[in-house]
Each structure stands twice: as structure tokens, then as C-alpha cells.
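Results of the structural survey
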Amino acid sequence: MYQTQVKPASDQVLREASRLLHAGELVAFPTETVYGLGANALNKDAVLSIFAAKGRPADNPLIVHIWDPAQLEDLCTIPDGASLLMERFWPGPLTILMPRKETIPLEVTAGLPTVAIRMPSHPVAASLLKACGLPIAAPSANRSGKPSPTSAHYVFQDMDGRIPLIIDGGPCDVGVESTVIDLTHGTPTILRPGGITREMLESVLGRVDVAGSVLRPLQKGEKALSPGMRYKHYSPDGQVTLVEGEESAVIRALSVLCHDAQEKGYRACVMCFTEHLTQLADCTPHDIGSIHDPSATAQCLFDTLRHLDDEKMDVIFSEVVPTTGVGLAVMNRLGRAAAFRTVSAEAVLSER
Ligand code: TXA
Ligand code: MG
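In this report, the structure presented in the accompanying data block is examined. (Residues numbered from 1 in each chain as written. Chains lettered and ligands numbered in written order. Predicted model: local features only at pLDDT ≥ 70, side-chain atom pairs only at ≥ 80, totals over all residues. Heavy atoms only, no water.)

With that settled, consider the overall build of the protein chain. Secondary structure assignment for the protein chain yields 12 helices and 16 strands. The C-alpha atoms of the protein chain give a radius of gyration of 20 Å, which matches the 20 Å a tight globule of 352 residues would have. By its C-alpha atoms, the protein chain is 65 × 50 × 35 Å across when sized along the principal axes. Counting across all 352 residues of the protein chain, residues that qualify as buried make up 55%. On the protein chain, roughly 14600 Å² of surface is accessible, and the fraction owed to carbon and sulfur atoms is 51%. Here the protein chain carries 31 positive and 41 negative side-chain charges, and the mean point of each set is 6 Å from the other. (Helix = DSSP H or I, 4+ residues; strand = E, 2+ residues; numbered from the N terminus. Rg over C-alpha atoms; globule rule 2.2 N^0.38 Å. Buried < 20%, exposed > 50% of the residue type's maximum accessible area, 1.4 Å probe, protein only. Areas by Shrake-Rupley, 256 points an atom, 1.4 Å probe, with all protein chains shown as cover. Lys, Arg positive; Asp, Glu negative; His and termini not counted. Charge placed at Lys NZ, Arg CZ, Asp CG, Glu CD.)

Residues of helix 6 (residues 123-132) that are buried include every one of Val124, Ala125, Leu128, Leu129 and Cys132, and no others. Along helix 6, the residues classed as buried sweep out an arc of 135° about the axis, all on the same side. Looking at helix 6, the residues exposed on the side facing more than 90 degrees away from the buried face are Pro123 and Lys130. The secondary structure elements touched by the buried residues of helix 6 are helix 1 (11-22), strand 2 (27-29), strand 4 (63-65), strand 7 (136-137) and strand 8 (165-168). Looking one or two residues beyond helix 6, the residue adopting positive phi is Gly133, at roughly 70°. (Arc of directions from axis to C-beta. Contact = heavy atoms within 4.5 Å.)

For the rest of this paragraph, the subject is the pattern of salt bridges. Under the criterion given, the structure shown has 9 salt bridges. Between Arg333 and Glu177 there is a salt bridge; the shortest N-O distance is 2.8 Å. On the criterion of sequence distance, the pair formed by Arg333 in helix 11 (residues 327-337) and Glu177 in the loop between strand 8 and strand 9 (179-182) is long-range, its members being 156 residues apart. Using a relative accessible area of 0% as the deciding quantity, one classes Arg333 as buried. The class for Glu177 is buried, based on a relative accessible area of 5%. (Salt bridge = Lys/Arg side-chain N within 4 Å of Asp/Glu carboxyl O.)

Looking now at the environment of Glu222. By the secondary structure assignment, Glu222 is in the loop between strand 11 (209-210) and strand 12 (239-244). Judged by its relative accessible area of 28%, Glu222 is partly exposed. For the pair formed by Glu222 and Asp314, sequence separation is 92 residues and the distance between their alpha carbons is 31 Å. In this view, Glu222 contacts Arg216 and Pro217; residues no more than four positions away in its chain are not counted.

This paragraph deals with the side chain of Asn142. Here Asn142 is to be found in the loop between strand 7 and helix 7 (152-159). Judged by relative accessible area, Asn142 falls into the buried class, the value being 2%. There is a polar contact of 2.9 Å between the side chain of Asn142 and the backbone oxygen of Lys146. (Polar contact = N/O pair within 3.5 Å; in protein donor to acceptor, adjacent residues only side chain to side chain.)

For a regular strand, side chains alternate in direction, first toward one face of the sheet and then toward the other. Across 4 bridges, strand 12 lies against strand 15 (residues 315-318) in parallel orientation. What sits directly across from Thr241, in strand 15, is Phe317. (Pairing = 2+ DSSP bridges.)

Right, here's the structure in full:
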């Protein structure tokens, strides 16, 4: 059991964090996407303790964080197209799969021949990586199955007693985890959508595919390209249902569904765009940002999902966003939070 400390980033705290990482301990730190739970990527025992602290299945590989592409030389080989992406999008929320070298313990890659690498742009993450001089393996700093934490408060909620130190760098900008791209199997393929969008990647690489399981559950017998896709993820305790359709029909359907559930005795609420808060004022509305700004929805999504648990909501009905730009990342996370349960607003209203 640790006495978990939460400390705002400072030179002294970075030195302390660096000491802990060299000693094989875990440190949670902010990145521009979500908070990470870091360990020395070259220390297999330290890496194994990440899995223990998170309650993460051992077959779900970790992302290795670096501060300088020169570090890649020791860690992996660089696939075609990767240099272009690194020049354009690093530092930033893009993770690239690269064939691993022997220095990377198999515990990091869960036995896979590739290692996922990213260079974060958050100044605290970059300073920590530089200060310790190590590649840092870091998944999101949540307990497995919980939404990724976008503030130190939520890291503490999940990791209290499990790790010695959380560096507090305030709320995360992007709010959803990095885009994961695979360049090692033919056409570049997005395994997990994030802040670097398909459109941005295509502007550099030409055609980019999106793994089928990004917007639907894995089918029976289908192999997960990214092991993380196999697991139930991002789930609040309550049951989330997505409501699709024309804007005014969606607002009416959300209201009908929410009131029906409340009448049955459930704690029910809606997740809706800022523009619809007034119309849904009696449905305990949770604001998911402007209908015109999917990056605002991305930024607040995990926080909102965590609030639903804090408020012990049983049933939640949510609006959806178009799957273009950052909307693809939003719908990937929201879809999973809802176990892909979706209803049409028009169908709900016609049953009345
Ligand atoms: O933004 C992020 O990427 C955050 C911050 C902390 O950097 N990290 C993060 O890590 O989200 P994690 O472990 O929660 O998600 C890593 C994802 C998982 O879905 C995992 O299966 C996939 O990347 N992954 C890692 N290595 C892989 C590999 N070699 N092949 C395929 N997928 C891989
Ligand atoms: Mg995660």
C-alpha cells in the first residue's frame, strides 16, 4: 500500500518522479490526451506492476513514450510512412506501431512483434521524459474498464494506495486517447481514432483505413488488430443508449425516454449538446459541448462518463456526433460506453 501523493508539476517534483521511475516505481503524469501511468519501459518488473495497478489483462500491450525521435534507434525499426507522420504530427496525440527491437521487453508489447510509440506534446510529459532520460511505458492511468482520467482527481480516485506519485498538470486538452495507426500491414490502418484525425493522416499518407471494430463490437471469431479493442471499455456503471436522428426528433425522443425511465423508478438522465440544455432542462442534462464543436465533446466526454457514476445514474440517453474529424474518436468511445446500443429517435416517437 502506498501513501499516494498528488503534487503539482515543478522541477523538484520532476526530479522526484525521475528517481521513482529509475527505482522501478510507477508515476502518473499528464499528457495532452489523458493521464498516463508510467514505468521505465526497459524494466520488465516495473512494466508488470503497471498491469497489477490497473487490473489490466496481460495481453493488452502498452504505449512507449519518448521525447526525441533519436531514441527510436534503440527501440524499433521505422516503417514506411512513419517519418512523414512523425515530422507532421509529433509531438502530439499520434501513436505509431513499429517493429520492436530486443531492448523492448515482451511484457510491454504483450508478446507482439510491434511496439506502439508516441511523443507527447504536453510540457509536463516532455519534461518528465527528458528529466528521467528513459522511454516510459504508459497506459491511461485508470483502473481497467473505467473511462480514462482527464484530471489528477480521477487518477487519484482509481490509483489511491496503488502508486506513490501523481503529477498534477491540470485538465487534459484533447480528452480522448491518442490515435493509434498501424503502418506495418499494407494500407495504413487506424486501430483507435483520436485527436489526429483520419482526414489529417490522409493528407499526408493518401488512403487510410479504419479498423472495422472502431464503430461496432468485434464479431465472433474476428481477430482484434489492437488487443485493447477486445475489452469492454469506457463504461459507466449505468446503461447508456445512443439516440440518432434528425435534431428536433432526437431532443423529443431523449425527453420521452428519460421520463419513461424516471417513471419506472430509475435514476435517468441525458447527455446533450449545449444548445439543447434548456429544452432538456427537466431531464438532468449533462452538457457534452457545442453541437458545432466535436473537439469540445471529446474533451469533456470521459469527465461526463465519470460524473454519471459519481451521481449513481442507472440509465443514460445520449446524443451522437457525425463520425468525421474528431467525431470518429468520440463515437468510438461513446459507442463502447453504450455497448453500441443505439435507437432511432423517429422510431421511439412513432411508438408513442
Ligand atoms: O493517449 C494515449 O495514448 C494515452 C496516453 C497516456 O499516452 N495512453 C493510452 O494507453 O491510451 P492505453 O494503454 O490505454 O491504450 C493503448 C492502446 C490499446 O488499445 C492497445 O491495445 C493498443 O494501444 N496497442 C498498444 N501496443 C499495440 C501493438 N503493438 N499492436 C496493436 N495495438 C497496440
Ligand atoms: Mg486505456
